[in-house]
Every structure is written in C-alpha cells, then in structure tokens.
Amino acid sequence: MKVGVIGGTGRIGSRLIAHLQAAGHQGVALVRSTGVDVATGEGLREGLEGCEVCVDVSTPPAYDESARGFQEQAMRNMVEAGRAAGVGHSVVLSIVGCDEVPQVPYYAAKAYQEQALADSGVPWSVLRATQFHEFIPEVMDWTTERGVVRLPPTPLQPVAATDVVNLLVEVVLGPPTRDRAALAGPESFALDDLARHVLALHPDGRAVVTDENAGLFAAVPGRELTAPRGATIGPTTFDQWLRDSWPA
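Throughout what follows, the structure given in this document is the object of discussion. (Residues numbered from 1 in each chain as written. Predicted model: local features only at pLDDT ≥ 70, side-chain atom pairs only at ≥ 80, totals over all residues. Heavy atoms only, no water.)

So, about the overall build of the protein. Scanning the protein for helices and strands turns up 8 helices and 12 strands. Relative to the globule expectation of 18 Å for 248 residues, the C-alpha radius of gyration of the protein, 18 Å, shows essentially globular dimensions. Expressed along its principal axes, the backbone C-alpha trace of the protein runs to roughly 55 × 35 × 35 Å. The burial tally for the protein puts 50% of its 248 residues in the buried class. Pairs at least 24 apart in sequence give 81% of the contacts found in the protein among residues at least 6 apart. If you average the places of the 19 positive and of the 30 negative side-chain charges in the protein, the two averages end up 2 Å apart. (Helix = DSSP H or I, 4+ residues; strand = E, 2+ residues; numbered from the N terminus. Rg over C-alpha atoms; globule rule 2.2 N^0.38 Å. Buried < 20%, exposed > 50% of the residue type's maximum accessible area, 1.4 Å probe, protein only. Contact = heavy atoms within 4.5 Å. Lys, Arg positive; Asp, Glu negative; His and termini not counted. Charge placed at Lys NZ, Arg CZ, Asp CG, Glu CD.)

Turning our eyes to something else, we now look at the pattern of salt bridges. Per the counting criterion, the structure on display carries 11 salt bridges. One salt bridge in this structure joins Asp37 and Arg32, with 3.5 Å as the shortest N-O distance. In this structure Asp37 comes out as buried when scored by relative accessible area, which is 14%. Since its relative accessible area comes to 68%, Arg32 is described here as exposed. One network of salt bridges, with partners in common, ties together Asp99, Glu114, Arg128 and Arg180. (Salt bridge = Lys/Arg side-chain N within 4 Å of Asp/Glu carboxyl O.)

What follows concerns unusual backbone geometry. A positive phi angle, near 55 degrees, is found at Arg146, a position not held by glycine. Position of Arg146 relative to the elements: it lies in the loop between strand S6 (144-145) and strand S7 (148-151). Judged by its relative accessible area of 82%, Arg146 is exposed. With a phi angle near 50 degrees, Arg178 is a residue other than glycine that sits in the positive phi range.

Mapped onto the elements, Asp192 comes out in helix H7 (residues 191-201). Looking at Asp192, the relative accessible area reads 5%, which means it is buried. The sequence separation of Asp192 and Met140 amounts to 52 residues, and the corresponding C-alpha distance is 9.0 Å. When near neighbours in sequence (up to four residues on either side) are disregarded, Asp192 contacts Leu151, Pro152, Pro153, Val208 and Thr210.

Bringing the sheet that holds strand S3 (residues 53-56) into the picture now. The 7 strands lie next to each other as S2-S1-S3-S4-S5-S9-S12, forming an open sheet whose pairing is parallel. The open sheet has two edge strands, strand S2 (26-30) and strand S12 (232-233), and neither has a second partner. Direction of pairing for strand S1 (residues 2-6) relative to S2: parallel, over a ladder of 5 bridges. Bridge pairing links Lys2 to Gln26 in S2. Contacting S3, strand S4 (89-95), strand S5 (124-129) and strand S9 (180-184), helix H4 (residues 105-118) crosses the sheet at an angle of about 160 degrees to S4. (Pairing = 2+ DSSP bridges. Axes fitted to C-alpha atoms, helices over the stretch in contact; angles between N-to-C directions.)

The strands making up a sheet associate through backbone hydrogen bonding, with each pair oriented either parallel or antiparallel. Taking strand neighbours across the sheet as the criterion, the 3 strands line up as S6-S7-S11 in an open arrangement whose pairing is mixed. Strands at the two margins of the open sheet, each flanked by one partner only, are S6 and strand S11 (207-210). Pairing of S7 with S11 involves 4 bridges; the strand directions are parallel. Its bridge partner lying in S11, Val148 is registered against Ala207. Contacting S7 and S11, H7 crosses the sheet at an angle of about 170 degrees to S11.

Nonpolar side chains in soluble globular proteins generally cluster together in the buried interior. If you look at the biggest cluster of nonpolar residues, it comprises 55 residues, and the most contacted ones within it are Ile12, Val55, Tyr107 and Leu168. If you tally residues by element for this core, the top one is helix H6 (residues 161-173), at 8 residues. With 22 residues, the next largest nonpolar core counts Ile6, Leu30, Val92 and Val126 among its residues. (Core = buried A, V, L, I, M, F, W, Y, C linked by side-chain atoms within 4.5 Å.)

As a further point, take helix H1 (residues 11-22). The end-to-end C-alpha distance of H1, which contains 12 residues, comes to 17 Å, matching closely the 16 Å that a straight helix rising 1.5 Å per residue would cover. Among the residues making up H1, those that are buried are Ile12, Gly13, Leu16, Ile17 and Leu20. For H1, the angular spread of buried residues about the axis comes to 130 degrees, placing them on one side. Once H1 finishes, Gly24 follows within two positions and takes phi at roughly 90 degrees, a positive value. (Expected span 1.5 Å × (residues − 1). Arc of directions from axis to C-beta.)

Structure, rendered in structure tokens:
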C-alpha cells in the first residue's frame, strides 16, 4: 500500500513511515522539503498520486488563534487533492477532548479539522490521542522562568508516541471507519506532578510550583484530556518512558 503522510518528517510522521516501510508498504512524506505545502496546496495533488491513503499528522505552526485558519486551508487542500488523486481513505491524527475545550484555540482548531473531514464526503477515520509523553518536557520549558516551572494541576493521561504510531498504523492500513477512535496512556496525573516526575529522574536544577493560571493547560480545569470511555490504553507508562527513552 502507498500512503501519503502530511507531516511525514515530524515526531509521529517519521515513525509512521518507518513502520509502514518495515511492513512492506510505501510511506511518502508530504512536507515542504519534498515540495509539498499543505497550507497552500502546492504539490499536494502530485504527492498523493498513486496513494491509497492520505494521513495528516502535521501540526499548525502556532498554538494560538491562527491554528484555525491553518486547519481550514489544510483540510480544504487535503480533501480536494485527495479526491483528484483518487485517494480512498483519509486519516487525521487528533487530540482526545479537543471538542470539549473550545476555550483553547489549538484544540478548537483540531475539533474543526475533525468535523471538516467528517463532513467532506470522503471515506475517513480519526484517531484521537492524549498528550504525548514526549510533549511534557516542552510544556515545562514554556512556563520556566528563573529556574521555576509553573504549571497547573490539570489532569492528563499521557501516551507514548510509539504507542500512538502502533495504533495509527492499524487505522491507516484498515478500512475507513467514519468514526473517531481514542488512545490514552495507562495512568492519569496532574500536570504539575508530571513535571515533578521528570525532574525527579532527570534533575536540572529547576523546581516545580503549582500555578493554576500558568500556561496553555490552565484553561482546562477538568478531566477533558484524559481517556474517554472505550479508549484504547497504551502500555507504556510515563516513568518507563522517562527511564528508557530520555531524551525524547
């Protein structure tokens, strides 16, 4: 099977292509370095030529209100190019709970992306994942000032990128579900405690302070970003990832 991967050189996309190739399939990275720009549509139709599946694992260039405009353009281009190229299955990697936190612009943009795909009329599947283990150190860096990491106690249930790719491969190679599947990690933590786990195993001189108003996740006080009923649970714990996979 030939699969076009929008965002194919990123954290998930590169792993997805490697998994596909190891299984005897062809994964094609559809990124700017290969002449494809999903935001403008440049090269996308040509890049999807011969692909049975198109999967979008790309990330908007910013987490602010501009993410919605990016997704509007990207989804329009993905659907139109996929139709023109004869793609039989369009897949999007999304985020658990994105439709429950409209106050977060990036999540609202992902919810729009999902619905635009569902409304497009093309055969589709969506895999929603919780926050990646690999994302937590980045979140810590965003709110670090003068050696202090300030984070809210937002409940998260992070999942390893490897576990995401393992399930995403099944979705990509399977038939269109016209549904949203969900994947989460095996444990739920408060975000500030996740940061403490990181620094306990990999101390760097920083301290963690609980601050309910700090950072992106301050706008998500409930359990919207943890595993919903019926979610698949990945096997890799956060501490296992910290021991075995650091640095990300």
